[in-house]
Amino acid sequence: MPSAPPATALPARRRWLSVAILIMGLALLAAAAHRVLFPAEPRYDGKPLTEWLWDWSRLLPRGSAPSVIVEHARKRQDAESAVRALAPVSVPHLTRMLGRKDSAFKSRLAAAPWAQVFVTNSVLRNYFEPSWKINRIAALALSFAGPEAREAVPALIQILERNDAASSVAAHTLGKIGPDASAAVPALTRVSIIAGDRALRSAAREGLFGIGPARTNGLPLALTFQQHTNSAVAIA
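Residues numbered from 1 in each chain as written. Predicted model: local features only at pLDDT ≥ 70, side-chain atom pairs only at ≥ 80, totals over all residues. Heavy atoms only, no water.

### Regarding the overall build of the protein
If you tally the helices and strands in the protein, you get 14 helices and two strands. For the protein, the proportion of its 236 residues judged to be buried stands at 34%. The contacts of the protein with a sequence gap of at least 6 include a subset with a gap of at least 24, amounting to 67%. Approximately 14,600 Å² of the protein is accessible, and the part contributed by carbon and sulfur atoms is 63%. (Helix = DSSP H or I, 4+ residues; strand = E, 2+ residues; numbered from the N terminus. Buried < 20%, exposed > 50% of the residue type's maximum accessible area, 1.4 Å probe, protein only. Contact = heavy atoms within 4.5 Å. Areas by Shrake-Rupley, 256 points an atom, 1.4 Å probe, with all protein chains shown as cover.)

What follows is the structure in structure tokens.
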């Protein structure tokens, strides 16, 4: 008859089995948490939203060959079509992109000359790109969703009031959302009057027009009259 395993071997095996079960449980928990915190991106033609956004926003270096320019224009047109198609189902993901902010560490890291090498990598670019660029491209993509982007209104208001390179796009998108963006009327009104940047003031007025007089108490018409009056005074 085969001899029974030593008594001390059984507890050891049980300990290893318990550890293995614990590790598997933690792995499953981590996978579930990742799925909740970072849900899968919408895809178009098998390609995730982020990659389409990068293709859409990529700029060509000066002096590019004509053939490169033509190919770039074709890719950008394809990317815009994909972003337009994905926008209505991408609102939650794009809204999270609006909330991206740069830490002090990331700002110092991204400013290093060698960091620009990583921006060309589709995975690392999502980290090394300045947050205002990510905010701007997300806001522009949301404009294609129209009223379906209503859940992004609070985040768009925050970007509008930051008065940075993404603020004009935020104002434009609020107008595209329409009456459902009426919560932005006070912020748009302030920006349309006191913003130091002329283009931003104009974008804020455009946003108010998009929301409509019914939700703005006729503010777009009043601001247009004020604009023409100020122009007449300046000319005189």
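### Structural notes on the side chain of S192
Tracing the sequence through the fold places S192 in helix α11 (residues 185–194). Classification of S192 as buried rests on a relative accessible area of 3%. In terms of polar contacts, S192 uses its side chain to reach the backbone carbonyl oxygen of T189, at 2.7 Å. (Polar contact = N/O pair within 3.5 Å; in protein donor to acceptor, adjacent residues only side chain to side chain.)

### Thoughts on the pattern of salt bridges
All told, the structure shown has eight salt bridges when counted by the stated rule. Between E161 and R190 there is a salt bridge, with the nearest N and O atoms lying 2.5 Å from each other. Pair noted here: E161 is in helix α9 (residues 153–162) and R190 is in helix α11, with a separation of 29 residues, a long-range link. For R190, a relative accessible area of 43% puts it in the partly exposed group. Through salt bridges with shared partners, one network takes in K47, D55 and R58. (Salt bridge = Lys/Arg side-chain N within 4 Å of Asp/Glu carboxyl O.)

### A look at the packing of helix α2 (residues 49–57) against helix α8 (residues 131–143)
It is the contact of α2 with α8, at a shortest axis distance of 11 Å, that shows an interaxial angle of 100°. Taken together, the axes of α2 and α8 lie roughly perpendicular to each other. Of the residues in α8, those in contact with L53, W54, W56 and S57 of α2 are I134, I137, L140 and A141. Looking at the contact of α2 with α8, its residues break down into seven nonpolar, one polar and no charged. (Axes fitted to C-alpha atoms, helices over the stretch in contact; angles between N-to-C directions. Parallel < 35°, antiparallel > 145°, perpendicular 65-115°, else oblique. Nonpolar A, V, L, I, M, F, W, Y, C, P; charged D, E, K, R; others polar.)

### Quick notes on the packing of α11 against helix α12 (residues 198–211)
A pair of packed helices is characterised by two quantities: the angle between their axes and the separation of those axes. At a minimum axis distance of 7 Å, the contact between α11 and α12 shows a crossing angle of 145°. Here α11 runs over α12; the crossing is left-handed. In contact with V185, L188, T189, V191, S192 and I193 of α11, α12 contributes L200, R201, A204, R205, G207, L208 and I211. Among the residues making up the contact of α11 with α12, the classes are represented as eight nonpolar, three polar and two charged. (Left-handed = near helix turned anticlockwise from the far one by under 90°.)

### A short note on the packing of aromatic side chains
In this structure the tally under the stated criterion is two aromatic pairs. Ring centres of Y44 and W52 lie 6.0 Å apart, and the angle between their planes is 75°; this geometry places the pair in the edge-to-face category. Judged by its relative accessible area of 9%, W52 falls in the buried class. Ring geometry for W56 against F144: centres 5.5 Å apart, planes inclined by 40°, an arrangement best described as tilted. With W56 in helix α2 and F144 in the loop between α8 and α9, the pair connects residues that are 88 residues apart, well separated along the chain. Residue classification places W56 among the buried residues on the basis of a relative accessible area of 4%. (Phe/Tyr/Trp six-rings, centres within 6.5 Å; stacked < 30°, edge-to-face > 60°.)

### Concerning α8
With 13 residues, α8 extends 19 Å from end C-alpha to end C-alpha; this agrees with the ideal 18 Å at 1.5 Å per step. Among all positions of α8, only S131, I134, N135, I137, A138, A139, A141, L142 and S143 are buried. (Expected span 1.5 Å × (residues − 1).)

### So, a nonpolar patch on the surface
The grouping of L60, V68 and I69 at the surface amounts to a nonpolar patch, some 220 Å² of accessible area in total. Within the secondary structure layout, L60 lies in the loop between α2 and α3 (66–86). (Patch = residues over 30% accessible without salt bridge, like charges linked within 9 Å, V, L, I, M, F, W, Y side chains within 5 Å.)

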